[in-house]
Structure formats: structure tokens, C-alpha cells
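Listed below are the residues making up each chain.
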Amino acid sequence: MVALSRRLLARHERIRDALPAVVLVLVGAAATAAGENGSDWHAPRPGGTAWMAVACVPLVFRSRWPLPVVFASLAVDLAHLSVAPDFSMTPAASLVALYSLATRSSRRTAWIVGITASVLITTVYAIADSEPPLAGTSLLRFDLAIAATALGDAVRTRRRHLAEVEARAERAERTREEEARRRVTEERVRIARELHDVVAHHITLVNAQAGVAHHLMRNDPDRAYEALAHIKDNSRAALDELRATVGLLRQPDDGPDSRAPIPGLADLDALVGGVRAGGLSVRVTAAGTPRPVAPTTELTAYRIVQEALTNTHKHASATRVEVVLDFGPDRLRITVTDDGRPGASPGPGSGHGLIGMYERATAIGGAVTAGPLPEGGFQVVAELPLALAPASA
């Protein structure tokens, strides 16, 4: 019942504004019917009730026009005070109007009007009742007007504070949703990059080995059979890596055997072995003192070498590739150089492979440069941090 009444009042502003007016008229009528000692009851005097009703009529519009309502109710109450200062309910309508003004206007306006109304009410009552303005009854009316303004100001401040709290909560919720969408987008891009690197590398090797098998099938069946075996191994490796990448999407409560470890520097031998089986000579050398490498850096290094070898197989018409891993104090420098013919290798930034290298290195605070060499061939150089910087709060 209470909730229904609140919803009704929230939808009908005029009814909500009129409720104090109805209460004041009823209380005013009861006040005129009571005797001086409160026990001698008689019929309500129409004069006091009529004054109260007229003063309360503007309250019906106190939400829409709070300042004019104060002026109208105050004018009627002052007129009533001047002719009947002994009516105890005056200036109740003006107090409600002052409260409403303070809840809906600026603090400056509310206090200027409230103090002015308090002074006018006290002065008119003192003159009409022939008593000093600082007498008890006059000061009581002054205090009531000030109290109505102060109460309205406090309610307005609390409402504003609650509105600000709700607005901050809504902004925080929107920020969380936007951050969640951003993370989902980044994760999709990362997984797409992983899938591209895996598929492009292994399909390139399979294609090269299939060409070798086709070429040798009639003249050298043994080597053709060996090439077909390499195709089988590379296709199985591609499926394993795809399964591991898709395993990143599994739920935390999935079994541990559903997620394979991500590749790293220790897997370069297997990667190079597959490339060599496709007919490309690859040499891997290490320089400096090997140091512990962050898992993300290991994955990035592996993918960069993988993509560089894939591009060499696809575009460079190269016969030899040299991979150098140079461990510095805090950086890992990777250099992949091929001997492809001039103009055969892709330029920097062309194709998704090179773009993926740049994105991977930049994501962990590294950098990649790639381009043709003056004497021929193509070179990819990556600078990666050995340890990742902690994420800023």
C-alpha cells in the first residue's frame, strides 16, 4: 500500500503538491474549533479557515513555480497576520512554500527569500500584536521561517549528493563495461594473430614439402616418401598448436590436459627442423649469456622467428636463413636474415605477418624493424625485453 501510494504521488505532481495544503486546511479548521485551553471545542470559525485555505491554494503549484508560490502565500499570510495576529497557524502556508523553494532553487536565492520573509513576518506580527520585534512570539515566527529554509536547503543538498553518487556509480558501471569490451577485443585480436601465425607457418611448410614430393615422386620415390612424412608431421604439429591456441578459450575448471603449454625458445629446434625438411637451410646461433626470459617474451620471440621463416619460405626464394639470438643485460635481440634475391622479399609493414610482428613486439614493450638488405636478402630485427615491466595501476 505504501509503495503504491509512492508510485501514485511520483506520477501525479499536482496531487503530491496539494497534500500539505489539504493537511494545513484541516489542521487550521481544527485550530479554530479549539478553545483557549484546548478542551472547549466549538464549531470552526470560517474566517480563520478561509484565510488558511486561500494561503494554501498556491501550494498546489509549488513544484512548478516555487518562487511565485512563496510570494503569493506570504502575501496572504501577512495580510492574515495584520488582521488576526492571534491565529496560531499563521504563517504555516508560507513555511511550506519556503521549504519547497529551498529544495528546488539555488542556495543563494533560497536564503535571500527566506531571510526577507522571516523579517517581514516578524515585523508584521509585532506591529499587529503591538509587541516588540524581539519578543518571544515574534522571534518564534522568525525562527520557524529560518528553520523551514534551512530544512529545505538540507534536503536539496542531500538529494544532490545522492544524485552525484548515483551518477558516479553509473559512470563506474559504464567504465567497467567499456573496459570489458576493450579486453575482449584485444583478446580476439591476440587469438586471431596466434591462429594466423600457426596456420600460415605450417601451411607454407606443407605446401613446400608437397611440391618437393610431387617433383621427386617419379625420379626419387624414397625422398618423396620422406617429404610426405614431413607433411604428416607438420600437419600434426599444426593441429596440436591450433588445439593449444583454442585451449586458451576454455574455462578455468577444464581439465589440465585440455591446455597445452605455449611455445617458447626451447621449441625453436622443432620449428627449425620443420623448415629444414622443406628444403631451406637454417642455422640458429646464440650470443651473450642466456638469461631467464618472461613467458610472454618467449612466446613473442618464437612467433617472430616463426613468421620470419614463413615469409622467407613464401616470398624470398631464399636457400639459406640465419637466426641469431643475442642475450643482452635486459634485452633479447633476434635477427633473422635470408639470402633471397633482391625484390623478392616483402617490404616493411606489408602483409599481416609483418604487422603481427610489430604488434606482438610493441605489446610487450619491444620493437621490430624489417627490410631488404643492400647486398640482397631480407632481414628482420626484434628487440624484446627479457622481463616485462609491471602493469601500472
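Keep in mind that this is a model prediction, so the values were computed, not measured. (Residues numbered from 1 in each chain as written. Predicted model: local features only at pLDDT ≥ 70, side-chain atom pairs only at ≥ 80, totals over all residues. Heavy atoms only, no water.)

What follows is about the packing of helix H4 (residues 66-83) against helix H6 (residues 107-129). Between H4 and H6, the shortest axis-to-axis distance is 9 Å and the interhelical angle comes to 10°. When the interaxial angle is binned, H4 and H6 end up roughly parallel. Here H4 contributes Leu67, Val70, Leu74, Leu78, Leu81 and Ser82 to the contact with H6, which in turn contributes Val113, Ala117, Leu120, Ile121, Val124, Tyr125 and Ala128. Here the residues of the contact of H4 with H6 sort into 12 nonpolar, 1 polar and no charged. (Axes fitted to C-alpha atoms, helices over the stretch in contact; angles between N-to-C directions. Helix = DSSP H or I, 4+ residues; strand = E, 2+ residues; numbered from the N terminus. Parallel < 35°, antiparallel > 145°, perpendicular 65-115°, else oblique. Contact = heavy atoms within 4.5 Å. Nonpolar A, V, L, I, M, F, W, Y, C, P; charged D, E, K, R; others polar.)

Further remarks concern the packing of aromatic side chains. Aromatic rings in a pair are described by how distant their centres are and how their planes are angled relative to each other. Enumeration according to the criterion identifies 1 aromatic pair in this entry. A ring pair is formed by phenylalanine 61 and tryptophan 65, whose centres lie 5.6 Å apart and whose planes are at 35°; its orientation type is tilted. We classify phenylalanine 61 as partly exposed; its relative accessible area is 33%. Assessed through its relative accessible area of 44%, tryptophan 65 is described here as partly exposed. When the ring centre of tryptophan 65 is taken as reference, the NZ or CZ atom of arginine 64 above it lies at 5.5 Å. (Phe/Tyr/Trp six-rings, centres within 6.5 Å; stacked < 30°, edge-to-face > 60°. Buried < 20%, exposed > 50% of the residue type's maximum accessible area, 1.4 Å probe, protein only. Lys NZ or Arg CZ within 6 Å of the ring centre and 35° of its normal.)

A separate point is the confidence of the model for the protein chain. For the protein chain, per-residue confidence averages 77 on the pLDDT scale, and 77% of positions sit at 70 or higher. In this model residues 253-260 is a low-confidence stretch, pLDDT under 50, and it forms 7 contacts with partners more than four residues away in sequence or in other chains. Confidence drops under a pLDDT of 50 for residues 345-350, and excluding neighbours within four residues, the segment shows 16 contacts in the predicted structure. (pLDDT = per-residue confidence, 0-100.)

Moving on, we come to the side chain of serine 118. By the element assignment, serine 118 lies in helix H6. Here glycine 114 takes part through its backbone oxygen, which lies 2.8 Å from a polar atom of the side chain of serine 118. Residues within four places of serine 118 in sequence aside, it is in contact with Phe142, Ala145 and Ile146. (Polar contact = N/O pair within 3.5 Å; in protein donor to acceptor, adjacent residues only side chain to side chain.)

As a further point, take the nonpolar core. By size, the foremost hydrophobic cluster in this structure holds 34 residues, and its most contacted members are Leu309, Ile334 and Val380. Looking at this core, the elements with two or more residues in it are helix H9 (268-277), helix H10 (295-316), strand E2 (320-327), strand E3 (331-338), helix H11 (351-363), strand E4 (367-372) and strand E5 (378-385). No other element matches the 6 residues that H10 contributes to this core. Setting aside anything within four residues of it in sequence, one finds isoleucine 334 in contact with Ala301, Val305, Val324, Leu325, Val380, Val381, Ala382 and Leu384. Counting 27 residues, the second largest nonpolar core, distinct from the first, contains Cys56, Val70, Leu74 and Leu95. (Core = buried A, V, L, I, M, F, W, Y, C linked by side-chain atoms within 4.5 Å.)

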